[in-house]
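Examination of the molecular architecture
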Amino acid sequence: ATWNHILLIDSNSPLMEQLNFFHDHTLLIITLITILVGYNMLSLLTNSFINRFLLHGQLIEIIWTILPAIILLFIAFPSLRLLYLLDETNKPSLTLKSIGHQWYWSYEYSDFKNIEFDSYMVPSAELNEGDFRLLDVDNRIVLPNHTQIRLIATATDVIHSWTVPSLGVKIDATPGRLNQTNFYMNRSGLFFGQCS
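Residues numbered from 1 in each chain as written. Predicted model: local features only at pLDDT ≥ 70, side-chain atom pairs only at ≥ 80, totals over all residues. Heavy atoms only, no water.

1. Structural notes on the overall build of the chain
- Looking only at helices and strands, the chain features two helices and seven strands.
- Mapped from its N terminus to its C terminus, the chain presents α and β elements in the order α-α-β-β-β-β-β-β-β.
- Its C-alpha atoms give the chain a radius of gyration of 24 Å, clearly above 16 Å, the size a compact globule of 196 residues would have.
- Reported as C-alpha extents along the three principal axes, the dimensions of the chain are approximately 80 × 40 × 35 Å.
- The contacts of the chain with a sequence gap of at least 6 include a subset with a gap of at least 24, amounting to 59%.
- Total accessible area computed for the chain in this model is approximately 14500 Å², and 63% of it derives from carbon and sulfur atoms.
- Here the chain holds 11 positive side-chain charges and 17 negative ones, and the gap between their average locations is 8 Å. (Helix = DSSP H or I, 4+ residues; strand = E, 2+ residues; numbered from the N terminus. Rg over C-alpha atoms; globule rule 2.2 N^0.38 Å. Contact = heavy atoms within 4.5 Å. Areas by Shrake-Rupley, 256 points an atom, 1.4 Å probe, with all protein chains shown as cover. Lys, Arg positive; Asp, Glu negative; His and termini not counted. Charge placed at Lys NZ, Arg CZ, Asp CG, Glu CD.)

2. Looking at the layout of surface pockets
- Within this model, the largest pocket holds a volume of roughly 820 Å³.
- At the level of secondary structure, the elements contributing two or more residues to the lining of the largest pocket comprise strand E2 (104-109) and strand E5 (160-164).
- It is E5 that contributes the most residues to the lining of the largest pocket, five residues altogether.
- Per-class residue counts for the lining of the largest pocket are 20 nonpolar, eleven polar and two charged. (1 Å grid on protein atoms, 1.4 Å probe; cavity = no way out; pocket = protein on both sides within 12 Å on 5 of 7 lines; lining within 4 Å. Points joined across faces, edges and corners; volume = space filled by probe spheres on them. Nonpolar A, V, L, I, M, F, W, Y, C, P; charged D, E, K, R; others polar.)

3. Describing helix H1 (residues 14-46)
- With 33 residues, H1 should cover 48 Å at 1.5 Å per step; its first-to-last C-alpha distance of 48 Å lies within 8% of that length.
- Considered for burial, the residues of H1 that qualify are Leu15, Met16, Asn20, Thr26 and Ile29.
- Tucked inside the fold, the buried residues of H1 contact helix H2 (58-87) and strand E7 (179-184). (Expected span 1.5 Å × (residues − 1). Buried < 20%, exposed > 50% of the residue type's maximum accessible area, 1.4 Å probe, protein only.)

4. Regarding the nonpolar core
- Tyr107, Leu151, Trp162, Leu167, Val169 and Phe183 are the most contacted members of the largest nonpolar core, which totals 18 residues.
- The set of elements that each furnish at least two residues to this core consists of strand E1 (94-101), E2, strand E4 (148-155), E5 and strand E6 (169-173).
- Aside from chain neighbours lying at most four places away, what touches leucine 151 is Leu96, Ser98, Trp162, Val169, Ile171, Asn179, Gln180, Thr181 and Phe183. (Core = buried A, V, L, I, M, F, W, Y, C linked by side-chain atoms within 4.5 Å.)

5. Quick look at a nonpolar patch on the surface
- The grouping of Leu59, Ile60, Ile63, Trp64 and Leu67 at the surface amounts to a nonpolar patch, some 530 Å² of accessible area in total.
- Among the residues examined, isoleucine 63 registers a relative accessible area of 41% and is labelled partly exposed. (Patch = residues over 30% accessible without salt bridge, like charges linked within 9 Å, V, L, I, M, F, W, Y side chains within 5 Å. Salt bridge = Lys/Arg side-chain N within 4 Å of Asp/Glu carboxyl O.)

6. A look at the pattern of salt bridges
- The final tally for this structure, using the stated rule, is one salt bridge.
- One salt bridge in this structure joins aspartate 136 and arginine 140, with 2.8 Å as the shortest N-O distance.
- Residue arginine 140 is classed as partly exposed on the basis of its relative accessible area, which comes to 42%.

7. Here's the deal with unusual backbone geometry
- In this model, tryptophan 103 sits at a positive phi of 75°, which is unusual for a non-glycine residue.
- When you line up the elements, tryptophan 103 lands in the loop between E1 and E2.
- Given the relative accessible area of 66%, tryptophan 103 is considered exposed.
- The backbone phi angle of asparagine 114 is positive, close to 50°, even though this residue is not glycine.
- As for its position among the elements, asparagine 114 is in the loop between E2 and strand E3 (116-120).

8. Section: the domain arrangement of the chain
- Parsing the chain into structural domains produces domain 1 (14-47 + 55-87) and domain 2 (94-185).
- Using only C-alpha atoms to locate each centre, domain 1 and domain 2 end up separated by 37 Å.
- Counting residues at the interface gives five residues for domain 1, matched by seven residues for domain 2.
- Here domain 1 meets domain 2 over a buried area of about 370 Å², counting both sides, of which 57% is carbon and sulfur.
- No other element matches H1, which puts four residues into the side of domain 1 that touches domain 2. (Domains from an automatic or database assignment. Buried area = accessible area lost by both parts, 1.4 Å probe.)

Here it is, written out as C-alpha cells:
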C-alpha cells in the first residue's frame with residue numbers, strides 16, 4: 001500500500017481475495033441503493049404531480065418492505081459463507097506460535113525443536129534507506145508459500161492483535177488463552193503487519 005492508494009491492499013491469500021470480492025459485491029449494492037434513493041428524492045423535489053390515490057398504497061408498501069429484505073439476503077449469504085471460510089481449519093503443514101509482549105513479539109516454530117526468537121521493531125534512528133518506520137523488525141518470520149500454516153497466538157501482559165492485511169489475517173492474542181487461525185500464501189514476498 002502506498003500513501004495515495006485508494007483501493008484495498010493487494011491480496012496474497014485465497015481468503016483475502018474472497019474478502020476483496022465481498023467488498024466489491026457489497027459496494028456495488030450500496031452504490032445502486034444510493035443512486036436509486038437519490039433519484040427518487042430528486043424526482044420528488046422537482047415534480048409537481050398529484051396522485052389522488054396516494055393514501056391507498058398497499059402494493060407499494062409491500063414492495064418497499066420486501067425489497068430491502070431481499071437486498072439484505074444478497075449481502076448476508078456471501079458474508080456468512082466468508083465467515084465460515086475464515087474459521088475453517090484445514091490440515092496445517094506448519095505451526096507458528098506467536099506470543100505478544102509489550103512492544104515486541106516472540107515466535108516459536110512448534111514443529112521443530114528449539115527454534116524460538118524475539119522480533120523487535122527497528123528504532124527510527126537505526127533505519128536504513130527504504131525501510132519503513134514502525135513496520136520493520138530486526139528478526140523477520142520466514143514462512144513457506146503454497147503451504148497451509150496454522151498460527152497460534154497468545155500474550156503475556158495485555159491484549160494484542162496479530163495482523164497481516166495482505167493475508168487477511170487478524171487474530172487477538174489474549175493472556176492466558178490460545179487463539180488459532182490459519183492462512184495460505186499464494187506467492188512469496190515481504191509482507192508487513194502490525195499489532196492493532
